[in-house]
Amino acid sequence: MSFPLPNSQHFSLHDYIQWLEGIIDAIHDGILVIDANGIVQHINQEYTVITGVSKQAIIGKPLQEIRPGAQLPLTLTDGKYRSGIYRKEGKKEYVVDMAPIIHRDRVIGAVSVCKSVSEVHALTKELSLSKKRVAQLEKAVGHLHRANYTFPDIVGAEGGLKKVIQQARKIATSALNVLITGESGTGKELFAQAIHQSSHRKNAPFVAVNCAAIPLHLLESELFGYEEGAFTHSKHGGKMGLFELAHTGTLFLDEIGDMTQDLQAKLLRVLQEGRIRRVGGLEEREIDVRVIAATNKDLQAMVEKKRFRDDLYYRLNVVHLSIPPLRQRKQDLAAIVSSLIRQRPRQAHFTIDPEAMVMLHQYDWPGNIRELKNTIDYALNIADGETITSADLPETLRRQVFANPAPSADRHLKTIVEQAEYQAIVTVLQETGYDGKGKKEAAKRLGISLATLYNKLSYYKMKGDF
Ligand SMILES: Nc1ncnc2c1ncn2[C@@H]1O[C@H](COP(=O)(O)OP(=O)(O)OP(=O)(O)O)[C@@H](O)[C@H]1O
């Protein structure tokens, strides 16, 4: 064996021994060496720390004399390795490994390597505390990053969402990336959660990030994490990014159209290579994440205008789910409204009257289901009784319904006449009120009997598709 000796020409045997002693002293375990006669030749500083025996007390003396019961001399006779031998001297407890020193097939000494048990105990305790803490944090993170919705929670499976739900169910179990497009509030995140919950990743995190809500200069470090010192005010120890957090699960990138070109390039690299590098770091980490992206922008048009990378677009757009706006699937309105009412524990038994329902049909719903949800919440809160009436609907909605009845693609004369009639009835009712007295007055003004008015209202309630 050869050692790298500094300036070996001027290196005496004494220097050489000191060099080796320096190495042995640097070891964090206690080391004791005896010669073939059982005389202690060397101990390192850690040996003194662990056993409490000083160099002066032991060097040059027979080990057996100073440490009665020591097993190291046995190693001299049988040449065997021993490990994990427990020793206790006073209050000091330690575990020892022993090995013979063999030269030309002869045992010329033995070495014992010891570790303090109290240190092992302390480390074990620390490790088990850390493990508990990690488990607690994992649970907390799991709760934060969990998908709550499944396909049965999506209302419209038998109506306007039939096709898109079927398509989503089909690809849920695959590993394919998905692009979900649709206006704001149409349920893009709901679909993403349902896909995650139907996949084999359902017990892993579902991490949602709104790319438009995070300042552009922070988005990269949020997604990929950063190393300590990556920039001023970076956290001690660095920070894990959302990709790492979503490892083995799903990352939902909402408003992907708002990502800068620079970040688009980095995202593409991650999707291609399945590895991320934290900002300011060198190490690459493997990640297994399914990406579901969503946007309410026309991403294809952005690609054509070179505002969105085409290669990234094709990577994300492996499966494309297009969620129609609520105004194009008003047949789902009644079911969504009743589902929204049922979700309110204290008001789950409330109903909605026909006029109010007709008015919901008339409205255009630019904010889609989110707006409908807010509308129903509002109405439930201000309703006097247990029935939502049109008077409980937000003023802005009512005003818009009267000002711009929703355009209809249906140009049949019967439909146009019915729409006009319906508009006339609702307009008068707005002025007279929807209670019994108001309806009586409305019938009078419209020149019809009260019974005809009631008949027409129940007809339009049943029809409910203007
Ligand atoms: N078909 C549906 N059935 C039941 N609830 C729905 C449906 N679609 C949407 N919702 C509810 O409407 C709200 C808005 O949905 P979501 O956040 O998924 O929309 P989004 O398209 O992701 O919106 P944005 O683009 O603004 O992020 C949520 O509370 C969601 O649960």
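Basis of the calculations
- Residues numbered from 1 in each chain as written.
- Predicted model: local features only at pLDDT ≥ 70, side-chain atom pairs only at ≥ 80, totals over all residues.
- Heavy atoms only, no water.
- Salt bridge = Lys/Arg side-chain N within 4 Å of Asp/Glu carboxyl O.
- Helix = DSSP H or I, 4+ residues; strand = E, 2+ residues; numbered from the N terminus.
- Core = buried A, V, L, I, M, F, W, Y, C linked by side-chain atoms within 4.5 Å.
- Buried < 20%, exposed > 50% of the residue type's maximum accessible area, 1.4 Å probe, protein only.
- Domains from an automatic or database assignment.
- Contact = heavy atoms within 4.5 Å.
- Near = heavy atom within 4 Å.
- Polar contact = N/O pair within 3.5 Å; in protein donor to acceptor, adjacent residues only side chain to side chain.
- Nonpolar A, V, L, I, M, F, W, Y, C, P; charged D, E, K, R; others polar.
- pLDDT = per-residue confidence, 0-100.
- Pairing = 2+ DSSP bridges.
- Axes fitted to C-alpha atoms, helices over the stretch in contact; angles between N-to-C directions.
- Parallel < 35°, antiparallel > 145°, perpendicular 65-115°, else oblique.
- Left-handed = near helix turned anticlockwise from the far one by under 90°.

1. Concerning the pattern of salt bridges
Inspection of every chain in the model, using the stated rule, returns 23 salt bridges. Measuring nitrogen to oxygen at the nearest pair gives 2.8 Å for the salt bridge that ties Arg269 to Glu284. Of this pair, Arg269 sits in helix H11 (residues 261-273) while Glu284 sits in strand E10 (residues 284-286); the two residues are 15 residues apart in sequence, bridging distant segments of the chain. Salt-bridge contacts for Glu395 lead to Arg398; the nearest nitrogen and oxygen are separated by 2.7 Å. Taken together, the positions of Glu395 and Arg398, both in helix H17 (residues 395-403) and three residues apart, correspond to about one turn of that helix.

2. Let's talk about the nonpolar core
Side chains that are nonpolar tend, in soluble globular proteins, to be buried together. Of all hydrophobic cores here, the largest spans 36 residues; its most connected members are Val337, Leu360 and Leu372. The two domains that each donate at least three residues to this core are domain 3 (328-403) and domain 4 (413-463). What Leu360 contacts, discounting residues up to four positions off in sequence, is Leu333, Val337, Ile352, Trp365, Leu372, Thr375, Ile376, Leu393 and Leu397. In this structure, Leu219, Met259, Leu267 and Ile287 belong to the second largest nonpolar core, which totals 32 residues.

3. Examining the site of the ligand
The local shell around the ligand holds 17 residues, among which Ser184, Lys188, Asp254, Arg370 and Lys373 are the closest. At a separation of 2.7 Å, an oxygen atom of the ligand approaches a polar side-chain atom of Ser184. The set of elements that each furnish at least two residues to the shell around the ligand consists of helix H8 (188-197) and helix H16 (368-382). When its residues are assigned to classes, the shell around the ligand shows six nonpolar, four polar and seven charged.

4. Concerning the confidence of the model for the chain
Taken as a whole, the chain shows an average pLDDT of 87; of its residues, 92% reach a score of 70 or greater. Mean pLDDT across the secondary structure elements of the chain bottoms out at helix H18 (residues 413-432), with 73, and peaks at H8, with 97. The ipTM assigned to the predicted complex is 0.97, against a pTM of 0.64.

5. Quick word on the side chain of Glu244
Along the chain, Glu244 falls in helix H10 (residues 242-245). Using a relative accessible area of 12% as the deciding quantity, one classes Glu244 as buried. Polar contacts involving the side chain of Glu244 include one to the side chain of Arg278, which spans 2.9 Å. If we ignore the near neighbours within four places in the chain, the residues touching Glu244 are Phe224, Ile276, Arg278, Arg285 and Ile287.

6. Regarding the pairing of strand E1 (residues 30-35)
Burial of E1 is extensive: six of the six residues sit out of reach of the surface. Alternating positions in E1 separate into two faces, Gly30, Leu32 and Ile34 on one and Ile31, Val33 and Asp35 on the other, with burial throughout. Note that E1 and strand E2 (residues 40-43) share three bridges and pair antiparallel. Bridging from a neighbouring strand, Val33 pairs with His42 of E2.

7. Structural notes on H8
Among the 10 residues of H8, seven are classified as buried, and the element is accordingly described as predominantly covered. Of all the positions in H8, only Lys188, Phe191, Ala192, Gln193, Ala194, Ile195 and His196 are classed as buried. Buried residues in H8 make contact with helix H7 (162-172), strand E6 (178-181), strand E7 (206-210), strand E8 (250-254), strand E11 (290-295) and strand E12 (319-322).

8. Comments concerning unusual backbone geometry
A positive phi is found at Glu255, a non-glycine position, where the angle reads about 55°. Looking at the secondary structure, you find Glu255 in the loop between E8 and H11. On the basis of relative accessible area, Glu255 is assigned to the buried category, the value being 17%. Positive phi is not limited to glycine here, since Trp365 has a value of about 55°. Position of Trp365 relative to the elements: it lies in the loop between helix H15 (354-362) and H16. Assessed through its relative accessible area of 0%, Trp365 is described here as buried.

9. Looking at the sheet that holds E11
Across the sheet, five strands lie side by side as E7-E8-E11-E6-E12; this open sheet has parallel pairing. Edge positions in the sheet fall to E7 and E12, since each has one partner strand and no second. Each neighbouring strand pair of the sheet contributes to a mean axis angle of 20°, computed without reference to strand direction. Direction of pairing for E8 relative to E11: parallel, over a ladder of four bridges. For Thr250, the partnering residue across the bridge sits in E11 and is Arg290.

10. Here's the deal with the packing of H15 against H17
In the contact formed by H15 and H17, the axes pass within 9 Å of each other and the chain directions differ by 70°. Considering their axes alone, H15 and H17 lie roughly perpendicular with respect to each other. Helix-helix and strand crossings are classified by hand; for H15 and H17 the assignment is left-handed. For the pair formed by H15 and H17, the contact residues are Met359, Leu360 and Gln362 on the first element and Leu397, Arg398, Val401 and Phe402 on the second. Along the lines of polarity and charge, the residues of the contact of H15 with H17 split into five nonpolar, one polar and one charged.

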